[in-house]
Protein chains: 2
Amino acid sequence: MDFEKFYKNKNILITGGLGFLGSNLAIRLSELGAKVTILDCLLKIHGGNLFNIQPVRKEINFVRGDIRNAALVNKLIKGQDFLFNIAAQTSHTDSMEQPFLDGDINSKGQLNLLEACRRLNPSIRAVYCSSRAIYGSSPKKLIDEGTAPNPLDVYSVHKLAGEHYHKIYNKVHGIKTLILRVANGYGPRAQMKAPSFGILNWFIRLALDNMEIKIFGDGKQMRDYVYVVDIVQSFLQAGASEHFNGDIYNVGSGRGVSLVNIVREIVTTAGRGKIVYVSWPDTNKKIDVGDFVADVSKIKSEIGWQPEISLREGLEKTIEFYRLNKKRYW
Amino acid sequence: MDFEKFYKNKNILITGGLGFLGSNLAIRLSELGAKVTILDCLLKIHGGNLFNIQPVRKEINFVRGDIRNAALVNKLIKGQDFLFNIAAQTSHTDSMEQPFLDGDINSKGQLNLLEACRRLNPSIRAVYCSSRAIYGSSPKKLIDEGTAPNPLDVYSVHKLAGEHYHKIYNKVHGIKTLILRVANGYGPRAQMKAPSFGILNWFIRLALDNMEIKIFGDGKQMRDYVYVVDIVQSFLQAGASEHFNGDIYNVGSGRGVSLVNIVREIVTTAGRGKIVYVSWPDTNKKIDVGDFVADVSKIKSEIGWQPEISLREGLEKTIEFYRLNKKRYW
């Protein structure tokens, strides 16, 4: 796929485009010659960070604002060829303490965007960034897209509602939508201020600071960590596909790694940090989903995407990035 | 089960208590000696109707207000032993045209109630009225509670979110919740002003007015119609059970009847009305769920409820009620 040919001069709106995934995608699309508009409200303690798009700052139209603002969303949606719909409240624990805020952003905000598409730009193509969290816990070893959702926190309920909206606006209103359910992402440009926004990045911070890394329980819970450059690639490839039928695709490495092994890998690669084992805090235990490994065969066979970057390589690049840019993220 | 002994002097809040199911439940609970408070906002064209509770009007505390009003909800939740949580925007077609209104009532309104329980009355028992609509269309002949939800309209997305909230507030916050997924209800005290609020009741109105009853397509789609007195019984029985674990139970007749057969039955019982066949309107076709018959074996085995009233008997009683009270409902 010649992405440069496909995305050059395309008008693209990225919500949450100053955040972890959004900014990596924005940089790549801008480099491919797309006309990128970012809508990001820079919510406190969330991932939005102007430094994230520094390499392409001059080429990108950044609008500080909110997907909760219907009038602004209406204005921005007009004339766009693509919507990469990534803005979200992303903290599971915050969603339990502030369920209304989570609902306003992750549920109502999505309706704002889809109503804008329906009324003002019905030929747009919308890629919705969902989360593996909607699966909750499952006894299955490898989770495919047919697995029944089992949301275990308010965040996951609203992300699931967002998925359903995208499916329904496709089936009923004909809006071209596609849903990517992303596993645990890691890599450069993530929020590094709190563990709730991506545990692996948080561990990297602790390691670089030569701090103790606390593992809850025995650390044997399996997770699927996927490097952000691979995720960006999945968004580009999905966006360039013809699969805008409200369908859902897992995005992950397809491989399970135990928490304890990933922490060992981080400590080794960083050459710093120390592992300690602690018992589960009550609140975390109640909403923890246990093992999760994504079955990524559907996106491979239908869209042709697969992860390319090994965990070792991804960790090396991530640690290198934060070593260089510590003061921008700590 | 001696319901009188169980519910006598219990403090019970019924949201949507002037509507179809809510008012039938309120009357029954009031007759059993419970202290019933109704919260109902009497939304235009919805089912709320003060005449619905006329038989027990003096015994019931009616508060005109809205589950969207958090301050009011907080005030009313205090001191209640039970919450029968029935208030909803119930029109599928309206939910597609006014998705924000539907979200405010059916999603955010539920969070208002559960947050009030969590903060002000954590020992309350809450029975949430959900809908068979969350199953959407399914190739299965008999739908049990393990069937993966497949919401096909915005209403169903938000009812499903309401279910998830009730489950999560049980698992994480320990609130005693229980979810009943109700099939197509019919019977006295339903809204009779528009077809979108219960198709069977609407057909009864047309028959009593000796009008044409339009069937979309061949009318062979199967539905599960359950008489409101049976539904009320399921709420009483579930409320008196020990199954407040955020679990889900189907409530239905467990038998499928085709639309065309039910209309014939209505015309015969009413002795009036005329069947005509028309092709599917576009919007209805897109959100129609096809066949639906509830598997009600779980509630029977765990809670001991089963439907007792035959379709023939239910239709006779319903037609008799509206014949007598036409001017209150037309």
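The structure this text deals with has already been given above.
One structure accompanies this document, and this report is about it. Every value quoted in this text rests on a predicted model; they were computed, and no experiment measured them.

Our next topic: the overall build of chain A. Regarding its fold elements, chain A presents 12 helices and 13 strands. Relative to the globule expectation of 20 Å for 330 residues, the C-alpha radius of gyration of chain A, 19 Å, shows essentially globular dimensions. C-alpha extents for chain A along the principal axes are approximately 55 × 40 × 40 Å. Of all 330 residues assigned to chain A, the portion counted as buried reaches 60%. Long-range contacts, defined as pairs at least 24 residues apart, comprise 82% of the intrachain contacts of chain A with a sequence gap of at least 6. When the accessible surface of chain A is totalled, it reaches about 12,800 Å², and 49% of it is carbon and sulfur. Positive and negative side-chain charges of chain A, numbering 44 and 33 respectively, have mean locations separated by a distance of 4 Å.

A word on the pairing of strand E2 (residues 35-40) of chain B. Residue and element names in this part refer to chain B. In terms of burial, E2 is largely enclosed, as five of its six residues are buried. Where strand E1 (residues 11-15) meets E2, five bridges bridge the pair, whose relative direction is parallel. The residue bridging Thr 15 from the neighbouring strand is Leu 39, located in E2. Note that E2 and strand E3 (residues 61-64) share four bridges and pair parallel. Across the sheet, Asp 40 pairs through a bridge with Arg 64, a residue of E3.

Attention now moves to the side chain of Asn 325 of chain B. Residues and elements named next belong to chain B. With respect to the secondary-structure elements, Asn 325 resides in helix H12 (residues 311-329). Classification of Asn 325 as buried rests on a relative accessible area of 16%. A polar side-chain atom of Asn 325 sits 2.9 Å from the main-chain carbonyl oxygen of Phe 321.

Our next topic: the interface of chain A and chain B. Taken residue by residue, the interface counts 31 residues in chain A and 31 residues in chain B. Between chain A and chain B the total buried area reaches about 2,600 Å² when both faces are included, carbon and sulfur atoms providing 66% of it. A per-residue breakdown of the area chain A buries against chain B is headed by Phe 100, Ile 168 and Val 172 of chain A, which together make up 21% of the total. Where chain A meets chain B, there are two salt bridges. Where Glu 97 of chain B meets Arg 118 of chain A, a salt bridge forms, and the shortest distance between an N and an O atom there is 3.1 Å. In this assembly, chain A and chain B are joined by eight residue pairs in polar contact (both at pLDDT 80 or more). Sorting the residues of the side of chain A that touches chain B by element identifies helix H4 (92-97), helix H5 (99-120), helix H6 (154-171) and helix H10 (282-287) of chain A as the ones contributing at least two each. Per-element accounting of the side of chain A that touches chain B gives the leading share, 11 residues, to H6 of chain A. Across the side of chain A that touches chain B, the residue classes break down as 16 nonpolar, five polar and 10 charged.

Here is what the cut-offs are and how they apply
Residues numbered from 1 in each chain as written. Chains lettered and ligands numbered in written order. Predicted model: local features only at pLDDT ≥ 70, side-chain atom pairs only at ≥ 80, totals over all residues. Heavy atoms only, no water. Helix = DSSP H or I, 4+ residues; strand = E, 2+ residues; numbered from the N terminus. Rg over C-alpha atoms; globule rule 2.2 N^0.38 Å. Buried < 20%, exposed > 50% of the residue type's maximum accessible area, 1.4 Å probe, protein only. Contact = heavy atoms within 4.5 Å. Areas by Shrake-Rupley, 256 points an atom, 1.4 Å probe, with all protein chains shown as cover. Lys, Arg positive; Asp, Glu negative; His and termini not counted. Charge placed at Lys NZ, Arg CZ, Asp CG, Glu CD. Pairing = 2+ DSSP bridges. Polar contact = N/O pair within 3.5 Å; in protein donor to acceptor, adjacent residues only side chain to side chain. Buried area = accessible area lost by both parts, 1.4 Å probe. Salt bridge = Lys/Arg side-chain N within 4 Å of Asp/Glu carboxyl O. Nonpolar A, V, L, I, M, F, W, Y, C, P; charged D, E, K, R; others polar.

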